[in-house]
Amino acid sequence: MAYYNENTVLWLDGNIVKASEAKTDLYGQSLHYGYAVFEGIRSYRTAAGATRIFKEVEHYDRLRRSAEALNMPYRYTTSELIEATYDILEKNKLQDAYIRPVVYGPANMSFSPNTESYTVIQVWEMAPFLGEKLLRVMTSSFQRPNPKGFKIEAKASGHYVNSILASQEAKAKGFDEALLTDMNGFIAEGPGANMFFEKDGKLFTPAPGNILPGITRATVLEIAAELGIPVEEGQYTIQQLKTADAAFFCGTAAEVIGWDSIDNTKFPTPWKDTTGRRIQQAYMDRVTEQQHQTAKQTQLATA
Ligand code: PMP
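Since the structure is predicted, the reported quantities are computational estimates derived from the model, not experimental observations. (Residues numbered from 1 in each chain as written. Predicted model: local features only at pLDDT ≥ 70, side-chain atom pairs only at ≥ 80, totals over all residues. Heavy atoms only, no water.)

Residues and numbers for the packing of aromatic side chains, please.
All told, the structure shown has 14 aromatic pairs when counted by the stated rule. Ring geometry for tryptophan 259 against phenylalanine 267: centres 6.2 Å apart, planes inclined by 55°, an arrangement best described as tilted. Overall, the relative accessible area of 3% leaves tryptophan 259 in the buried class. Relative accessible area serves as the criterion here: at 9%, phenylalanine 267 is assigned to the buried category. Among the aromatic side chains, those forming a connected cluster through ring pairs are Tyr3, Tyr98 and Trp124. (Phe/Tyr/Trp six-rings, centres within 6.5 Å; stacked < 30°, edge-to-face > 60°. Buried < 20%, exposed > 50% of the residue type's maximum accessible area, 1.4 Å probe, protein only.)

Now, about the domain arrangement of the chain: what can you tell me, with residues and values included?
Domain annotation for the chain reports domain 1 (9–124) and domain 2 (135–287). Of note, the centres of domain 1 and domain 2, computed from C-alpha atoms alone, are 26 Å apart. Counting the surface lost from both domain 1 and domain 2, the interface buries some 1600 Å², and carbon and sulfur atoms represent 62% of this. Taken together, the connections running from domain 1 to domain 2 amount to two salt bridges. (Domains from an automatic or database assignment. Buried area = accessible area lost by both parts, 1.4 Å probe. Salt bridge = Lys/Arg side-chain N within 4 Å of Asp/Glu carboxyl O.)

So what about unusual backbone geometry? Which residues, and what values?
Positive phi outside glycine occurs at aspartate 13, with the angle close to 50°. As for its placement among the helices and strands, aspartate 13 is situated in the loop between strand 1 (9–12) and strand 2 (15–18). What makes aspartate 13 buried here is its relative accessible area of 17%. In the Ramachandran plot, glutamate 289 falls in the positive-phi region, its phi being about 50° despite a non-glycine side chain. Its location among the elements puts glutamate 289 in the loop between helix 7 (275–287) and helix 8 (295–302). (Helix = DSSP H or I, 4+ residues; strand = E, 2+ residues; numbered from the N terminus.)

Help me get a handle on the pairing of strand 13 (residues 231–234), residues and values and all.
Pairing of strand 12 (residues 202–206) with strand 13, which is carried by four bridges, proceeds in the parallel orientation. Bridging from a neighbouring strand, proline 206 pairs with glycine 234 of strand 13. Running through helix 5 (residues 215–227), the crossover from strand 12 to the neighbouring parallel element strand 13 is right-handed. (Pairing = 2+ DSSP bridges. Right-handed = clockwise from strand over helix to strand, strands pointing away.)

Describe the site of the ligand, and please don't skip the residues or the numbers.
Residues in contact with the ligand amount to 16 residues; listed here are only the nearest, Lys155, Tyr160, Glu189, Thr216 and Thr252. At a separation of 2.6 Å, a nitrogen atom of the ligand approaches a polar side-chain atom of glutamate 189. The fraction of the free accessible surface of the ligand (380 Å²) that becomes covered by protein chains is 97%. For the shell around the ligand, the class distribution of residues is five nonpolar, seven polar and four charged. (Near = heavy atom within 4 Å. Polar contact = N/O pair within 3.5 Å; in protein donor to acceptor, adjacent residues only side chain to side chain. Areas by Shrake-Rupley, 256 points an atom, 1.4 Å probe, with all protein chains shown as cover. Nonpolar A, V, L, I, M, F, W, Y, C, P; charged D, E, K, R; others polar.)

So, the nonpolar core: which residues are in play, and what are the values?
Of all hydrophobic cores here, the largest spans 26 residues; its most connected members are Val37, Tyr60, Leu81, Ile99 and Ile121. Among the secondary structure elements, those contributing two or more residues to this core are strand 1, helix 2 (56–69), helix 3 (78–91), strand 6 (97–104) and strand 7 (118–125). Take this core: its biggest share by element is five residues, from helix 3. When near neighbours in sequence (up to four residues on either side) are disregarded, valine 37 contacts Leu63, Ser66, Ala67, Leu70, Met72, Pro101, Val102, Val103, Lys155, Ala156 and Ser157. By size, the runner-up hydrophobic cluster in this structure holds 18 residues, among which are Ile187, Tyr236, Ala247 and Phe249. (Core = buried A, V, L, I, M, F, W, Y, C linked by side-chain atoms within 4.5 Å. Contact = heavy atoms within 4.5 Å.)

Pasting the structure below:
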């Protein structure tokens, strides 16, 4: 995939720089040790034609918390970075985009903390979601990192070696994606998404502690509350998952995407009849600010 062309610009510590001309130091601590933090954010063209970054405050607040968790200097306010992001989207003429801010360190081959860090914001086009494909998911042989070894709630670059290993393993075995357990063998999350499963009209999702508690996961909890769908957060096994009616991943890039099966055990409820499908629809309406008038509202409007 081509992330940029000769016209693409990025935001680098307050400067607008051509992506093809931007430079980084090959002696950087982040490159050598995975010591960087980042975000994955989406912008959407709304139903009214505007460009909106979804949950931008939540994402940039998490970026700050991730940097602080790793003892990295952090130079900007959330509102400065949001403004910079809208600016770079406009300069690249993008509405449906993926936004990738990264905070990284200077040249430093030791493990000592830095007095400075750099921030880059890159954006690239993301095609509108078509998501009817259901995922064949495999239980990974890799577990998520032990929270006693990592700041698991930080979105740190080095954690993603674990994600890459799990995802590559699943794809090499002919599956679409991996599901990782935590260090105790309970279901945790996907390589880049949280998960929910559904049983008898109720949703279940791994409790925070051994996962990245996603912003999309929080949005799904909000939507479920609005729709009156009961949700339980807890510790669940793969065996329990195999008896579920349906399941889905949720994440900024994945949005809400249904599963076909886990370890070749198919989920019995057709996706179109699941709670997950209702949540997927509500999620897409939210990100694109699509207003659905209820029958009652339409009546009032036309009365
Ligand atoms: N878990 C992991 C490991 C992730 O990388 C992501 C994507 N950031 C998520 C969960 C979902 O988080 P969010 O909804 O905030 O994108």
